[in-house]
Amino acid sequence: MRSMTLIQYGNILIYVQNKGSFAKIPFFFVQERSVLLRKWYNLMMDNKDDLAKIITAENGKPLKEAQGEILYSAAFLEWFAEEARRIYGDIIPPSVKDRRILVLKQPVGVAAIITPWNFPSAMITRKVGAALAAGCTVVVKPAEDTPLSALALAELANQAGIPPGVYNVVPCSRQQTPAVGEALCTDPLVAKISFTGSTATGKVLLHHAAGTVKRVSMELGGHAPFIVFDSADVDRAVAGALASKYRNSGQTCVCTNRFLVQKRIHDAFVEKFAKAIERELRVGNGFDEGTTQGPLINEKAIKKVERHISDAVSQGASIMTGGKRHSFGKNFFEPTLLSNVTTKMLCTQEETFGPLAPVIKFDTEAEAVAIANSASVGLAGYFYSRDTAQIWRVAEQLEVGMVGVNEGIISSVECPFGGVKESGLGREGSKYGVDEYLEIKYVCFGGL
């Protein structure tokens, strides 16, 4: 790392092995930024099949899911190509007659982007699209498990005409990751840190960034509750549960981690959920047609799922389906459903990040909300109900940044993505996403 150097020319930053001689790179204006982002989007769409294959090869995600990620990923570039032209300032009526008050929005500067392995394309474009729309340049540190997706996007960015030094990628080994993260967070040339990953790592990066008081966006761990009330359509709730829990084999930050089902419909829900898992989910090679469940990312992830199941069973939980490693390979695990689960079990206290669905029985609405809000994190939450008054009450009471009401999949480019409590800071996507990369400057014009 000592030979790595950050070099800045105006608003442009380049990450290089050793200092050299570089021509100054012109900073481009809003219309140009919009056009370049649109060209990048078009190239992604032209190459969507190859980009999806890279994702499946890197992290094992079923090809159909990988194809969906690429469409989602490209959509952020399209969205921010449009939002780039809507970064408006303001004029404020002054209290003194010989003054005028202006508000300008300007790019914060160089942004360091640190992304996870579970969405190796979408987590980059959601951040980089907003940063480039705002006029920032970026240094992307992709997850050590999935660097190829970031490099493929860099090649397409180059083909789109995005100038060298605007979109930089710094792959590194697992051993070097802490050092690279610290360098990005402490270097004074970096003005902004955007990170998606675990809460523990986010806290470390926040500590490093505090030394130079950098702007930060953090999308951290979740522990999503999924509440099914007596008034719910049970069949629809089961379909939503299946989608919310087992997408990417349970390895997404907004995956449901705790199912809370009201007493009267509990047994029917568990029975239908178990049958749906056995009927609709298939473990296998991500490139094989029909596969819905790929591998977990590594042995450590497998062991965590096993530890959570073992702990739950030792305390009285029942395995309704699954419960062990799949015969397909060492990093494959059977989609698992547990009943008779209590809040004292590890699987309801920690984020599993795997294909494990624990179900807790509850009596009252207040009890369910209390259990849901007992976590120190609050990224996403879901609930199913056909009681309109209950829907308003619970949606407002859940301590999460995103709520799915009678829906198990809620992410979209138009909507603000982010959490509360220890799930992070700031929002990504939507019209709010660009604000994370802008500074507001107040200009007082006097003597008029």
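Residues numbered from 1 in each chain as written. Predicted model: local features only at pLDDT ≥ 70, side-chain atom pairs only at ≥ 80, totals over all residues. Heavy atoms only, no water.

## What to know about the pattern of salt bridges
- For the structure shown, the criterion picks out 24 salt bridges.
- Among the ionic pairs, R174 bridges to E144, the shortest N-O distance being 3.2 Å. Of the two residues, R174 is situated in the loop between β7 (167–169) and α6 (177–186) and E144 in the loop between β6 (138–141) and α5 (147–160); the sequence distance between them amounts to 30 residues.
- A cluster of three or more residues bridged by salt bridges with shared partners is formed by R126, K127, E219 and E428. (Salt bridge = Lys/Arg side-chain N within 4 Å of Asp/Glu carboxyl O. Helix = DSSP H or I, 4+ residues; strand = E, 2+ residues; numbered from the N terminus.)

## Observations concerning the pairing of strand β11 (residues 256–262)
- Across the 7 residues that make up β11, a large majority, 7, are buried.
- Pairing between strand β10 (residues 224–228) and β11: 5 bridges, direction parallel. Directly across from A224, in β11, lies its bridge partner T256.
- On the question of chirality, the crossover connecting β10 to the parallel β11 by way of helix α8 (residues 234–246) is right-handed.
- Where β11 meets strand β14 (residues 356–362), 4 bridges bridge the pair, whose relative direction is parallel. If you follow Q262 over to β14, its bridge partner there is F362. (Buried < 20%, exposed > 50% of the residue type's maximum accessible area, 1.4 Å probe, protein only. Pairing = 2+ DSSP bridges. Right-handed = clockwise from strand over helix to strand, strands pointing away.)

## Section: unusual backbone geometry
- In this structure, K421 is a non-glycine residue whose phi angle is positive, near 55°.
- For K421, a relative accessible area of 36% translates into the label partly exposed.
- For S430, which is not glycine, the phi torsion reads 65° and is therefore positive.
- Relative to the helices and strands, S430 resides in the loop between β19 (424–425) and β20 (438–445).

## Quick word on the confidence of the model for the protein chain
- On average, residues of the protein chain score 93 in pLDDT, and 94% of them are at 70 or above.
- Across residues 7–27, confidence stays below pLDDT 50; counting only partners more than four residues off in sequence or on other chains, it has 62 contacts. (pLDDT = per-residue confidence, 0-100. Contact = heavy atoms within 4.5 Å.)

## Section: the packing of aromatic side chains
- Enumeration according to the criterion identifies 13 aromatic pairs in this entry.
- Aromatic pair W117 and F353: ring centres 6.0 Å apart, planes at 90°, arrangement edge-to-face. On the criterion of sequence distance, the pair formed by W117 in the loop between β5 (110–114) and α4 (122–134) and F353 in the loop between β13 (336–341) and β14 is long-range, its members being 236 residues apart.
- Judged by centre distance (5.1 Å) and plane angle (45°), the ring pair of F226 and F259 falls under tilted. Here F226 is found in strand β10, whereas its partner F259 is found in strand β11, with 33 residues between them in sequence.
- Relative accessible area serves as the criterion here: at 0%, F226 is assigned to the buried category.
- Classification of F259 as buried rests on a relative accessible area of 0%.
- Among the aromatic residues, those joined into a cluster by ring pairs are F226, Y246, F259, F269, F273, Y382 and Y384. (Phe/Tyr/Trp six-rings, centres within 6.5 Å; stacked < 30°, edge-to-face > 60°.)

## Thoughts on the domain arrangement of the protein chain
- Domain boundaries assigned for the protein chain yield domain 1 (6–220 + 423–446) and domain 2 (224–413).
- The interface of domain 1 with domain 2 comprises 24 residues on the first partner and 22 residues on the second.
- Overall, the association of domain 1 and domain 2 removes approximately 1900 Å² of surface from exposure, summing both partners, and the carbon and sulfur fraction of that is 62%.
- For domain 1, the biggest contributors to the area lost against domain 2 are P62, W117 and S423; these three give 28% of the whole.
- In this structure, the connection of domain 1 to domain 2 is made through 0 salt bridges.
- Contributions of two or more residues to the side of domain 1 that touches domain 2 are made by α2 (48–59) and α3 (63–83).
- Counting residues per element, the side of domain 1 that touches domain 2 draws most heavily on α3, which supplies 6 residues. (Domains from an automatic or database assignment. Buried area = accessible area lost by both parts, 1.4 Å probe.)

## Digging into the nonpolar core
- The biggest cluster of nonpolar side chains holds 50 residues, and the ones touching the most others in it are W40, M44, V128, V138 and Y167.
- Of all the secondary structure elements, the ones that give two or more residues to this core are α1 (30–46), α2, α3, β5, α4, β6 and α5.
- Element by element, the count of residues in this core is highest for α3, at 11 residues.
- Grouped together as the second largest cluster of nonpolar side chains are 31 residues, V228, L242, A357 and M402 included. (Core = buried A, V, L, I, M, F, W, Y, C linked by side-chain atoms within 4.5 Å.)

## Observations concerning the packing of α2 against α3
- Close contact between α2 and α3 brings their axes to 8 Å; oriented N to C, the two are set at 125°. It follows from the interaxial angle that α2 and α3 lie oblique. Viewed along their axes, α2 and α3 form a crossing whose handedness is right-handed. From α2, K48, D49, L51, A52, K53, I55 and T56 reach across to α3, where they touch L63, A66, Q67, E69, I70 and L71.
- Broken down by class, the residue content of the contact of α2 with α3 amounts to 7 nonpolar, 2 polar and 4 charged. (Axes fitted to C-alpha atoms, helices over the stretch in contact; angles between N-to-C directions. Parallel < 35°, antiparallel > 145°, perpendicular 65-115°, else oblique. Left-handed = near helix turned anticlockwise from the far one by under 90°. Nonpolar A, V, L, I, M, F, W, Y, C, P; charged D, E, K, R; others polar.)

## Some thoughts on the side chain of E351
- Position of E351 among the secondary structure elements: in the loop between β13 and β14.
- One buried charge, E351, has no salt-bridge partner; the nearest side chain with opposite charge is K304, at 6.1 Å.
- Within polar-contact distance, the side chain of E351 engages the backbone nitrogen of G222 at 3.5 Å.
- When residues no more than four places from it in sequence are discounted, the contact partners of E351 are G221, G222, H223, T252, C253, N257, K304 and H308. (Lys, Arg positive; Asp, Glu negative; His and termini not counted. Polar contact = N/O pair within 3.5 Å; in protein donor to acceptor, adjacent residues only side chain to side chain.)

## Some points on the sheet that holds strand β4 (residues 100–107)
- Spatially, the 3 strands line up as an open sheet ordered β3-β4-β20, and their pairing is antiparallel. The open sheet terminates on both sides in strands that have one partner only, identified here as β3 (90–92) and β20. Adjacent strand axes in the sheet meet at a mean angle of 25° when their direction is disregarded.
- Bridge analysis of β3 against β4 gives 3 bridges, and the strand direction is antiparallel. Counted as the bridge partner of D90 is V103 from β4.

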